[in-house]
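Chain and residue survey
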Amino acid sequence: MMQARAVRPSARRQKGGKAVCSAGSGLQAGNGQHHVLRSVQNNVGRIERSAVSASVGARRVSSTSSVGYASRGAVACSAGKVAVLGAAGGIGQPLSMLVKMLPSVKELSLYDIQGTKGVAADLSHCNTACKVTGYVGEEELTSALEGCDLVIIPAGVPRKPGMTRDDLFNINAGIVKSLATACAEVCPNAILNIISNPVNSTVPICNEVYKAKGITGASARILGVTTLDIVRSNTFLAEECGLDVDQVDVPVIGGHAGVTILPLLSQMRPKVQLENKRIEELTTRIQNAGTEVVEAKAGAGSATLSMAYAAARFAESCLRGLQGDKVYECAYIESSLIPDLEYFASKVQLGPNGVEEVFEVGQVSDFEQQGIEGLIPELKKSIAKGQEFAKN
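For the structure given in this document, a descriptive report is provided here. (Residues numbered from 1 in each chain as written. Predicted model: local features only at pLDDT ≥ 70, side-chain atom pairs only at ≥ 80, totals over all residues. Heavy atoms only, no water.)

For the rest of this paragraph, the subject is the pattern of salt bridges. Under the definition given, this model contains 12 salt bridges. For R278, the salt bridge goes to E240, with nearest N and O atoms at 2.8 Å. Note that R278 is positioned in helix 7 (residues 276-287) and E240 in helix 6 (residues 227-241), a separation of 38 residues in sequence. Between E316 and R320 there is a salt bridge whose closest N-O contact spans 2.6 Å. Here E316 pairs with R320, and both are found in helix 9 (residues 305-322), just 4 residues apart, close to one helical turn. The class for R320 is buried, based on a relative accessible area of 4%. Taken together, the salt bridges that share partners define one network made up of E208, K211 and E334. (Salt bridge = Lys/Arg side-chain N within 4 Å of Asp/Glu carboxyl O. Helix = DSSP H or I, 4+ residues; strand = E, 2+ residues; numbered from the N terminus. Buried < 20%, exposed > 50% of the residue type's maximum accessible area, 1.4 Å probe, protein only.)

Here it is as structure tokens:
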């Protein structure tokens, strides 16, 4: 289990109702320990287009207050092979395209139960230096995974109107367990990016699969992708406050479903002043943003494009970490950060071994502290559900 740095028994509380606490404004001493706050996290994981590479992976590096990673200059050497499992789906197709645009990826393996040959043929016409191969069916899964450094798993059924992430469990849990088993057998040292919902349960499923096979250190490499919650938070707050979205960073902790999604608006950068009522409304919107998209699509799908964008951003951060850059993101992982919870989403540092460091929550408002206390029972139940499924 990943150990958090400077863990306290609970999140530190900030008195007062307004969001005035910044996130990522340097190291703040408290009781002889450092807070999670770091200046390099202002635009954590930001993806932008480069005029040279036209890639989602080109990042802005400005100064010591810049975010994303400790710069090593230009994009590092090839990250090797990346696989997308579920590549023919609504998330998988746009995600595969975005990953192919990353200049550090030289080989992209696309896997699904059908349709990947066509997706691979289509993407192979894009003029980027990345070989794309499609694999179809269980008999080709091993070939798809051989030599992978990063495996991204969006496989499973999407949400439909009226469905919760728990409704997806019985279908997606089995899919994720079988894919995790294959990864553990073929590429046990690869980093896994888990997108398949419910993430609160599928990440524990993957960890239990690896534990059963005796693979050590796997929890640092099995990462639940909660980046869409950060992307949404940054977008909504930039719109609310009239700010440049590229300068906004809102950390999101907890889990990746409903009330377990907790944006820390008190730690938003840049600092803002928001009325208590508006903080509650924005928090609720962020928590229910997935349902907002499902309802808007009226049964035609879920949040596929924004999820693909967020997943590409997180994947690119993982690849930079593999290359030796220090990258900061939020991720849902096995963690001892919160008492009584074995898994939790928080800010982490990514590196060659996956998660290199887990950061404590830091100071939070009374409203956010209530949110932390309120999410624990729901998250605990989802974790147990995944663990029990994996063991049976």
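As a further point, take the packing of helix 6 against helix 7. Running from N to C, helix 6 and helix 7 point in directions that differ by 140°, and their axes come no closer than 10 Å. The two elements helix 6 and helix 7 cross, and the hand of that crossing is right-handed. Residues D229, S233, F236, L237, E239 and E240 of helix 6 pack against R278, L282, R285 and I286 of helix 7. (Axes fitted to C-alpha atoms, helices over the stretch in contact; angles between N-to-C directions. Left-handed = near helix turned anticlockwise from the far one by under 90°. Contact = heavy atoms within 4.5 Å.)

This part covers the side chain of E368. Locating E368 in the fold gives a position in helix 10 (residues 366-391). At 2.6 Å, the side chain of E368 and the side chain of S266 are in polar contact. Setting aside chain neighbours within four positions, we find E368 in contact with L262, P263, L264, L265 and S266. (Polar contact = N/O pair within 3.5 Å; in protein donor to acceptor, adjacent residues only side chain to side chain.)

Right, let's get into the nonpolar core. Soluble globular proteins tend to bury their nonpolar side chains together. In this structure, L85, L145, V151, Y210, F344 and V361 are the most contacted members of the largest nonpolar core, which totals 45 residues. At the level of secondary structure, the elements contributing two or more residues to this core comprise strand 5 (80-85), helix 3 (141-145), strand 8 (148-153), helix 4 (169-186), strand 9 (191-194), helix 5 (199-212), strand 14 (343-351) and helix 10. Sorting elements by how many residues they give to this core places helix 4 first, with 6 residues. If you look at the next biggest cluster of nonpolar residues, it comprises 41 residues, including I91, L98, L108 and V231. (Core = buried A, V, L, I, M, F, W, Y, C linked by side-chain atoms within 4.5 Å.)

The next point concerns helix 1 (residues 92-100). In terms of burial, helix 1 is largely enclosed, as 7 of its 9 residues are buried. If you check which residues of helix 1 are buried, you get G92, P94, L95, S96, L98, V99 and K100.

Looking now at the state of the cysteines. A full pass over the atoms with the stated rule returns 0 disulfides. The thiol of C183 is unpaired, and the distance to the nearest cysteine sulfur, on C187, comes to 4.5 Å. Classification of C183 as buried rests on a relative accessible area of 0%. (Disulfide = S-S within 2.5 Å.)

Once that is clear, we can look at the environment of A155. Mapped onto the elements, A155 comes out in the loop between strand 8 and helix 4. Spatially, the C-alpha atoms of A155 and D112 are 7.8 Å apart, while their sequence positions differ by 43 residues. Not counting chain neighbours up to four residues away, the residues in contact with A155 comprise L85, G86, I175, L179 and S196.

This part takes up helix 9. For helix 9, with 18 residues, the first-to-last C-alpha span of 26 Å sits near the 26 Å given by 1.5 Å per residue. Counting buried positions over the 18 residues of helix 9 gives 14, a clear majority of the element. Positive phi appears at G324, one or two residues downstream of helix 9, with a value of about 105°. (Expected span 1.5 Å × (residues − 1).)

Turning next to the packing of aromatic side chains. Counted according to the given criterion, the structure contains 3 aromatic pairs. Judged by centre distance (5.5 Å) and plane angle (80°), the rings of F169 and F389 are edge-to-face. Taken together, the residues F169 in helix 4 and F389 in helix 10 connect sequence positions 220 residues apart. Residue classification places F169 among the buried residues on the basis of a relative accessible area of 3%. (Phe/Tyr/Trp six-rings, centres within 6.5 Å; stacked < 30°, edge-to-face > 60°.)

All quantities given are derived from atomic positions and should not be read as evidence of function.
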